[in-house]
Amino acid sequence: MPDPTLPSATPDFLQHDRPPVPDLAVPRGVQPFHLQAGPVRGRLIRLGPLAEVLLTRHENHPAVARLLGQALALTAGLAAALKYRGSFSLQAKGDGAVPMLLADCTEAGALRGYARAEPAALAAALAVDAEAEAAALLGQGYLAFTCDQGPEMDRYQGIVAIEGATLADMTGHYFRTSEQLRTHVRLACAHTPAGWRASAFIMERVAVGGGIAPEAAEGSPEEEAQEEAWRTALALAGTLTEAEMLDDALPPDQVLHRLFHAEGLALDRPRPLSYGCRCSRARLAGVLAGFPEEDLDHMAEAGAITMTCEFCNLDFCFDRAEIRGMDAGGSAGGGLSRYILGAAGCHGTKPRRQPAVHSIGVLPCRHGAPRCCCRCWPRPAAGGAMPFRRRSARSASGT
Ligand SMILES: [Zn+2]
């Protein structure tokens, strides 16, 4: 197969070949469960060898890889709660040594992530604490959780200030304050003899019987019993060790059995996880066709434009002469690429000039919508303002 990152005789808009990235799936990456005896449901996430291939795309410092691994496992676990087709993404943006942390996962378990670190700031943070956790790495900023369930549904986005020492603390803070949900989140990521491994344990308090039966009335003996069952589950979950979370030899069902065998543990159908980036020349050619010609000239170096997929750490090289951007009137010159980008999920219609940003993770679509060219990303405005609204409806003029 020809390398799709390099120019070839095939027109760009026809090149949907997957670039040379690991084609790895973990069949039982997410193990959902509920407790028949209590108001508890949850998921145990094990990335297994997927953690190794996702975390070694970039040469990150182990502290940054550990944070990204936690974010990936968490995102995989939260995406598993999606009820329709779509994706779940986590974005952290702060003023610390890791100013950007992104992870996203589709309902089918396609997972990817990226962390950007500032080397000097990272060295300074690690000099203070060699085991720096999320708060010390991210600094002051915000955490955005975005749930995108396709064009027929509202895109849901929750944003909170970064608060807490670890990513698990920050997530708990988000669910407590924004969702009024009682959750227990544990995250683990470490470099083991088998390579990087990452895991998440997420437990929620729901109505009794895994959300099937109605909630008991407040103050009633039933409600008291449910509260007691939740406290018991919390105490048992508190005994889960990082070694148990990351041990490949200990299957997820056994871990859960150890914790909850006396609480009526019921295992639900496991879900797969896989390497989830779908970057291709076709998508990136569609993105380039959305830029004005003048910006494309600015991007070009020695007659070529290089677009980097930050998730895969792959450079896609385009011949400048082959790319036709927007003309001065804002209409696209991309021909078929207009259709291709539309299929990738663009919902805006208003053309807007964008700065030349050579990164797929933060590129707006050709219409200026705050989306990545391959899947959506929340994209903060310049200056650190938060342009997001909760329950932001999709553009009514969407195509
Ligand atoms: Zn990619």
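Residues numbered from 1 in each chain as written. Predicted model: local features only at pLDDT ≥ 70, side-chain atom pairs only at ≥ 80, totals over all residues.

### A word on the overall build of the chain
Part 1 of the argument: When helices and strands are counted, the chain shows eleven helices and 13 strands.
Part 2 of the argument: Counting all 399 residues of the chain, 45% fall into the buried class.
Part 3 of the argument: Within the chain, residue pairs in contact and separated by at least 24 positions form 68% of the contacts whose partners lie at least 6 positions apart. (Helix = DSSP H or I, 4+ residues; strand = E, 2+ residues; numbered from the N terminus. Buried ≥ 20, exposed ≤ 12 C-beta atoms within 10 Å, placed from the backbone. Contact = placed C-beta atoms within 7 Å.)

### Structural notes on the pairing of strand β6 (residues 141-148)
Part 1 of the argument: In terms of burial, β6 is a largely internal element, seven of the eight residues being buried.
Part 2 of the argument: As paired elements, strand β3 (residues 87-94) and β6 share eight bridges and run antiparallel to each other. When the bridges of β6 are listed, L90 appears paired with F145.
Part 3 of the argument: Where β6 and strand β7 (residues 156-161) come together, six bridges link them in antiparallel fashion. The residue bridging A144 from the neighbouring strand is I159, located in β7. (Pairing = 2+ DSSP bridges.)

### What to know about the nonpolar core
Part 1 of the argument: Of all hydrophobic cores here, the largest spans 97 residues; its most connected members are L47, L67, L72, A73, A76, L101 and L137.
Part 2 of the argument: At twelve residues, the largest contribution of residues to this core is made by helix α2 (residues 62-79).
Part 3 of the argument: Each of domain 1 (12-18 + 279-384) and domain 2 (25-275) gives at least three residues to this core.
Part 4 of the argument: Setting aside anything within four residues of it in sequence, one finds L47 in contact with V26, G29, L72, A73, A76, R197, A198, S199 and L273. (Core = buried A, V, L, I, M, F, W, Y, C linked by C-beta atoms within 7 Å. Domains from an automatic or database assignment.)

### A look at the environment of R269
Part 1 of the argument: Mapped onto the secondary structure, R269 falls in the loop between β10 (265-267) and β11 (271-275).
Part 2 of the argument: C-alpha of R269 to C-alpha of Q31: the two residues are 238 residues apart in sequence and 7.0 Å apart in space.

### Focus on helix α6 (residues 221-237)
Part 1 of the argument: Between its first and last C-alpha, α6 extends 24 Å over 17 residues, near the 24 Å set by a 1.5 Å rise per residue.
Part 2 of the argument: Regarding α6, the residues found buried are Q226, W230 and A233. Projected down its long axis, α6 shows its buried positions confined to an angular sector of 60 degrees, all on one face. Along α6, exposed side chains directed more than 90 degrees from the buried face belong to P221, E224, E228, R231 and A235.
Part 3 of the argument: Those residues of α6 that are buried are in contact with β1 (25-35), β2 (40-46) and β9 (195-205). (Expected span 1.5 Å × (residues − 1). Arc of directions from axis to C-beta.)

### Focus on the environment of A63
Part 1 of the argument: Structurally, the position occupied by A63 is in helix α2.
Part 2 of the argument: With 63 residues separating them along the chain, A63 and L126 place their C-alpha atoms 8.4 Å apart.

### Describing the pairing of strand β12 (residues 304-309)
Part 1 of the argument: The alternating pattern of β12 places I305, M307 and C309 on a buried face and A304, T306 and T308 on a face that is not buried.
Part 2 of the argument: Relative to strand β13 (residues 314-319), β12 is paired through six bridges, and the arrangement is antiparallel. Bridged to I305 within β13 is F318.
Part 3 of the argument: Where β12 folds back on β13, the antiparallel hairpin that results is connected by four residues, among which N313 adopts a positive phi of roughly 60 degrees.

### Describing unusual backbone geometry
Part 1 of the argument: For A302, which is not a glycine, the phi torsion comes out positive at approximately 50 degrees.
Part 2 of the argument: Here A302 falls in the exposed class, since 5 other C-beta atoms lie within 10 Å of it.
Part 3 of the argument: Phi is positive for N313, which is not a glycine, with a value near 60 degrees.

### Examining the environment of H191
Part 1 of the argument: Within the secondary structure, H191 sits in strand β8 (residues 183-192).
Part 2 of the argument: The class of H191 is partly exposed, set by 16 C-beta atoms lying within 10 Å.
Part 3 of the argument: When the C-alpha atoms of H191 and A51 are compared, they prove to be 9.6 Å apart, with 140 residues separating the residues in sequence.
Part 4 of the argument: Apart from the residues within four sequence positions on either side, H191 is in contact with P62 and W196.

### Remarks on the confidence of the model for the chain
Part 1 of the argument: With 79% of its residues at a pLDDT of at least 70, the chain reaches an overall mean of 79.
Part 2 of the argument: A low-confidence stretch, residues 333-399 (pLDDT under 50), is modelled with 146 contacts involving residues beyond four sequence positions or located in other chains. (pLDDT = per-residue confidence, 0-100.)

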